[in-house]
Amino acid sequence: MELTFYLAAAVAIIATILVVTQYNLIHALLYLVVSFMAIAVVFFTLGAPFMAALEIIIYAGAIVVLIIFVIMMLNLTHEDVQHEKEWLKPSVWIGPAVLSLILLAELAYIFMASETSAVATQPVEAKAVGMALFGPYILGVELSGMLLMAGIVGAYHLGRQKKKIVHRFLERTEA
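Within each chain, residue numbers correspond to sequence positions counted from 1 in written order. Residue-level local features of this predicted model are given only where pLDDT is at least 70; pairs of side-chain atoms are given and counted only at 80 or more, and the full residue set underlies all totals for whole chains, interfaces and linings. Neither water nor hydrogens contribute to the side-chain values; these are computed over all heavy atoms in the structure.

## Notes on the overall build of the chain
Think of it this way: any DSSP run of H or I at least four residues long counts as a helix, any run of E at least two long counts as a strand, and we number them from the N terminus. Looking only at helices and strands, the chain features 7 helices and 0 strands. Tracing the chain from N to C terminus, the helices and strands come up as α-α-α-α-α-α-α. Burial status follows relative accessibility: with a 1.4 Å probe on protein chains alone, a residue under 20% of its type maximum counts as buried, one over 50% as exposed, and anything between as partly exposed. Relative to its 175 residues, the chain shows a buried fraction of 23%. Only carbon and sulfur atoms are counted for the fraction: they give 73% of the accessible area of the chain, which is about 12,400 Å². Areas reported here follow the Shrake-Rupley algorithm with a probe of radius 1.4 Å; residue values treat only the protein chains shown as occluding.

So, in C-alpha coordinates, the structure goes:
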(Lines give C-alpha, C1' and ligand atoms only; values in the text may rest on other atoms or scores of the structure.)
Protein backbone atom coordinates (compact mmCIF):
# COMPACT_ATOMS: atom_id res chain seq x y z
CA MET A 1 0.00 0.00 0.00
CA GLU A 2 2.87 2.35 0.74
CA LEU A 3 4.31 1.85 -2.74
CA THR A 4 0.89 2.55 -4.23
CA PHE A 5 0.65 5.78 -2.28
CA TYR A 6 4.03 7.03 -3.50
CA LEU A 7 3.40 5.95 -7.07
CA ALA A 8 0.01 7.70 -7.14
CA ALA A 9 1.56 10.80 -5.59
CA ALA A 10 4.26 10.81 -8.28
CA VAL A 11 1.65 10.46 -11.02
CA ALA A 12 -0.35 13.32 -9.47
CA ILE A 13 2.71 15.58 -9.36
CA ILE A 14 3.75 14.77 -12.94
CA ALA A 15 0.22 15.23 -14.29
CA THR A 16 -0.20 18.52 -12.42
CA ILE A 17 3.08 19.87 -13.79
CA LEU A 18 1.93 18.88 -17.27
CA VAL A 19 -1.39 20.70 -16.69
CA VAL A 20 0.48 23.91 -16.02
CA THR A 21 2.99 23.55 -18.86
CA GLN A 22 0.61 22.56 -21.68
CA TYR A 23 -0.26 25.27 -24.20
CA ASN A 24 -3.30 23.44 -25.48
CA LEU A 25 -6.34 23.65 -23.22
CA ILE A 26 -7.67 20.21 -24.12
CA HIS A 27 -4.32 18.55 -23.39
CA ALA A 28 -4.17 20.34 -20.05
CA LEU A 29 -7.70 19.15 -19.33
CA LEU A 30 -6.74 15.52 -19.99
CA TYR A 31 -3.79 15.78 -17.62
CA LEU A 32 -6.05 17.48 -15.06
CA VAL A 33 -8.37 14.47 -15.10
CA VAL A 34 -5.40 12.15 -14.59
CA SER A 35 -4.21 14.33 -11.71
CA PHE A 36 -7.63 14.21 -10.04
CA MET A 37 -7.76 10.44 -10.37
CA ALA A 38 -4.27 10.09 -8.91
CA ILE A 39 -5.31 12.21 -5.94
CA ALA A 40 -8.35 9.97 -5.53
CA VAL A 41 -6.02 6.95 -5.35
CA VAL A 42 -3.98 8.78 -2.70
CA PHE A 43 -7.14 9.37 -0.66
CA PHE A 44 -8.11 5.73 -1.07
CA THR A 45 -4.72 4.47 0.13
CA LEU A 46 -4.98 6.74 3.17
CA GLY A 47 -8.25 5.07 4.15
CA ALA A 48 -10.69 7.70 2.92
CA PRO A 49 -12.72 5.97 0.18
CA PHE A 50 -15.54 8.48 0.49
CA MET A 51 -13.16 11.36 -0.20
CA ALA A 52 -11.76 9.42 -3.16
CA ALA A 53 -15.27 9.05 -4.56
CA LEU A 54 -15.97 12.75 -3.99
CA GLU A 55 -12.71 13.62 -5.76
CA ILE A 56 -13.75 11.67 -8.84
CA ILE A 57 -17.40 12.73 -8.88
CA ILE A 58 -16.94 16.41 -8.08
CA TYR A 59 -13.60 17.27 -9.63
CA ALA A 60 -12.98 14.74 -12.38
CA GLY A 61 -16.67 14.78 -13.28
CA ALA A 62 -18.41 18.07 -12.64
CA ILE A 63 -15.55 20.54 -12.89
CA VAL A 64 -14.20 19.02 -16.10
CA VAL A 65 -17.69 19.05 -17.65
CA LEU A 66 -17.98 22.70 -16.61
CA ILE A 67 -14.67 23.52 -18.31
CA ILE A 68 -15.77 21.70 -21.48
CA PHE A 69 -19.07 23.63 -21.38
CA VAL A 70 -17.19 26.93 -21.23
CA ILE A 71 -14.96 25.88 -24.13
CA MET A 72 -18.05 25.03 -26.17
CA MET A 73 -19.60 28.38 -25.27
CA LEU A 74 -16.67 30.25 -26.83
CA ASN A 75 -17.84 29.34 -30.36
CA LEU A 76 -14.93 27.56 -32.02
CA THR A 77 -14.30 28.39 -35.68
CA HIS A 78 -13.62 26.03 -38.58
CA GLU A 79 -9.87 26.45 -38.06
CA ASP A 80 -10.25 25.34 -34.46
CA VAL A 81 -12.13 22.24 -35.61
CA GLN A 82 -9.22 21.40 -37.94
CA HIS A 83 -6.83 21.70 -34.98
CA GLU A 84 -9.05 19.35 -32.99
CA LYS A 85 -8.70 16.70 -35.69
CA GLU A 86 -4.92 16.89 -35.25
CA TRP A 87 -5.38 16.14 -31.53
CA LEU A 88 -6.51 12.61 -32.34
CA LYS A 89 -2.94 11.61 -33.12
CA PRO A 90 -1.33 9.20 -30.63
CA SER A 91 1.31 11.77 -29.71
CA VAL A 92 -1.44 13.79 -28.05
CA TRP A 93 -3.18 11.16 -25.94
CA ILE A 94 -0.32 8.77 -25.20
CA GLY A 95 0.90 10.71 -22.13
CA PRO A 96 -2.44 10.79 -20.29
CA ALA A 97 -3.09 7.19 -21.34
CA VAL A 98 0.20 5.94 -19.85
CA LEU A 99 -0.39 7.78 -16.58
CA SER A 100 -3.96 6.45 -16.44
CA LEU A 101 -2.73 2.89 -17.00
CA ILE A 102 -0.33 3.30 -14.08
CA LEU A 103 -3.27 4.37 -11.91
CA LEU A 104 -5.35 1.44 -13.16
CA ALA A 105 -2.56 -0.99 -12.24
CA GLU A 106 -2.37 0.58 -8.78
CA LEU A 107 -6.10 0.25 -8.34
CA ALA A 108 -5.97 -3.42 -9.32
CA TYR A 109 -3.12 -3.95 -6.87
CA ILE A 110 -5.12 -2.28 -4.07
CA PHE A 111 -8.14 -4.50 -4.63
CA MET A 112 -6.07 -7.67 -4.93
CA ALA A 113 -3.90 -6.99 -1.88
CA SER A 114 -5.28 -8.68 1.20
CA GLU A 115 -3.28 -6.73 3.75
CA THR A 116 -4.72 -3.65 5.39
CA SER A 117 -3.14 -0.24 5.45
CA ALA A 118 -0.31 0.32 7.91
CA VAL A 119 -1.89 3.58 9.00
CA ALA A 120 -4.74 3.27 11.49
CA THR A 121 -7.68 4.93 9.77
CA GLN A 122 -11.30 5.49 10.53
CA PRO A 123 -13.89 5.80 7.80
CA VAL A 124 -15.37 9.25 7.31
CA GLU A 125 -19.15 9.26 6.98
CA ALA A 126 -20.96 11.38 4.44
CA LYS A 127 -22.88 13.16 7.18
CA ALA A 128 -19.62 14.32 8.80
CA VAL A 129 -18.37 15.71 5.48
CA GLY A 130 -21.66 17.53 4.93
CA MET A 131 -21.65 18.97 8.43
CA ALA A 132 -18.08 20.19 7.95
CA LEU A 133 -18.72 21.73 4.54
CA PHE A 134 -21.93 23.48 5.53
CA GLY A 135 -20.82 24.26 9.07
CA PRO A 136 -17.55 26.06 9.70
CA TYR A 137 -16.53 26.00 6.01
CA ILE A 138 -19.76 27.40 4.54
CA LEU A 139 -18.03 30.66 3.58
CA GLY A 140 -15.41 28.79 1.53
CA VAL A 141 -18.05 26.67 -0.19
CA GLU A 142 -20.14 29.71 -1.10
CA LEU A 143 -17.11 31.71 -2.28
CA SER A 144 -15.94 28.87 -4.52
CA GLY A 145 -19.44 28.64 -6.02
CA MET A 146 -19.47 32.38 -6.67
CA LEU A 147 -15.99 32.17 -8.22
CA LEU A 148 -17.10 29.41 -10.60
CA MET A 149 -20.19 31.41 -11.57
CA ALA A 150 -18.08 34.53 -12.20
CA GLY A 151 -15.78 32.48 -14.41
CA ILE A 152 -18.69 31.20 -16.48
CA VAL A 153 -20.20 34.67 -16.87
CA GLY A 154 -16.78 36.10 -17.81
CA ALA A 155 -16.17 33.38 -20.39
CA TYR A 156 -19.60 33.93 -21.90
CA HIS A 157 -19.03 37.66 -22.05
CA LEU A 158 -15.60 37.26 -23.68
CA GLY A 159 -16.96 34.78 -26.21
CA ARG A 160 -19.86 37.04 -27.03
CA GLN A 161 -17.60 40.09 -27.49
CA LYS A 162 -15.31 38.08 -29.80
CA LYS A 163 -18.31 37.13 -31.93
CA LYS A 164 -19.47 40.77 -32.16
CA ILE A 165 -16.01 41.99 -33.18
CA VAL A 166 -15.73 39.35 -35.90
CA HIS A 167 -19.25 40.19 -37.14
CA ARG A 168 -18.42 43.94 -37.30
CA PHE A 169 -15.16 43.20 -39.13
CA LEU A 170 -16.99 41.05 -41.70
CA GLU A 171 -19.60 43.81 -42.25
CA ARG A 172 -16.84 46.39 -42.92
CA THR A 173 -14.99 44.14 -45.38
CA GLU A 174 -18.18 43.40 -47.34
CA ALA A 175 -19.03 47.09 -47.73
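## Remarks on the packing of aromatic side chains
In this scheme Phe, Tyr and Trp rings, the latter by its six-membered ring, pair at centre separations within 6.5 Å, and the angle between planes marks the pair as stacked below 30 degrees, edge-to-face above 60, and tilted otherwise. One pass over the structure, following the stated rule, counts 2 aromatic pairs. Look at Phe-36 and Tyr-59: their rings are 5.3 Å apart centre to centre, the planes differ by 35°, and that puts the pair in the tilted class. Separated by 23 residues along the polypeptide, Phe-36 in helix H2 (residues 25-45) and Tyr-59 in helix H3 (residues 49-73) bring together distant segments of the chain. A residue is classified by how much of its surface remains accessible, and Phe-36, at 13% relative accessible area, is buried.

## Observations concerning a nonpolar patch on the surface
Exposure above 30% relative accessible area and the lack of any salt bridge qualify a residue for a patch; like charges then connect within 9 Å, and the nonpolar side chains Val, Leu, Ile, Met, Phe, Trp and Tyr within 5 Å. Any Lys or Arg side-chain nitrogen located within 4 Å of an Asp or Glu carboxyl oxygen qualifies as a salt bridge. Residues Leu-133, Phe-134, Ile-138, Leu-139, Leu-143 and Met-146 make up a contiguous nonpolar surface patch of about 610 Å² in total accessible area. Examining the composition of the nonpolar patch, we find that 4 residues originate from one element, helix H7 (residues 138-174), more than from any other. Looking at the element boundaries, Ile-138 is found in helix H7. Residue classification places Ile-138 among the partly exposed residues on the basis of a relative accessible area of 33%.

## Some thoughts on the UniProt feature "transmembrane region" (unreviewed entry) in the chain
When the UniProt feature table is mapped to this numbering, "transmembrane region" (unreviewed entry) covers residues 6-23, 30-50, 56-76, 92-114 and 134-158. Secondary structure across residues 30-50 divides into 86% helix and 0% strand, with the first and last C-alpha atoms of the span separated by 23 Å. Annotation note: span residues 134-158, helix share 84%, strand share 0%, distance between end C-alpha atoms 33 Å. UniProt positions are given in the numbering used here, feature names are shortened, and annotations may be inferred rather than shown by experiment.

## Observations concerning the nonpolar core
Residues belong to one nonpolar core when they are buried, are Ala, Val, Leu, Ile, Met, Phe, Trp, Tyr or Cys, and are joined through side-chain atoms within 4.5 Å. Counting residues in hydrophobic clusters, the biggest one holds 13 residues, and the most contacted among them are Ala-8, Val-11, Val-34, Ala-38, Val-41, Leu-99 and Leu-103. Of all the secondary-structure elements, those providing two or more residues to this core are helix H1 (2-21), H2 and helix H5 (90-112). In terms of residues, this core owes the most to one element, H2, which gives 5 residues. Contact definition: two residues touch when any of their heavy atoms are within 4.5 Å. Val-11 has contacts with Val-34, Ala-38, Leu-99, Ile-102 and Leu-103, leaving out every residue within four places of it along the chain. One finds Leu-29, Leu-32, Ala-60 and Val-64 within the second-largest nonpolar core, a separate group that totals 6 residues.

## Comments concerning the confidence of the model for the chain
Taken over all residues, the pLDDT of the chain has a mean of 78, while the share at 70 or more is 79%. Summarising per-element confidence for the chain, the mean pLDDT is lowest in helix H4 (residues 78-86) (68) and highest in H1 (88). Confidence of the prediction at every residue is given by pLDDT, a number between 0 and 100.

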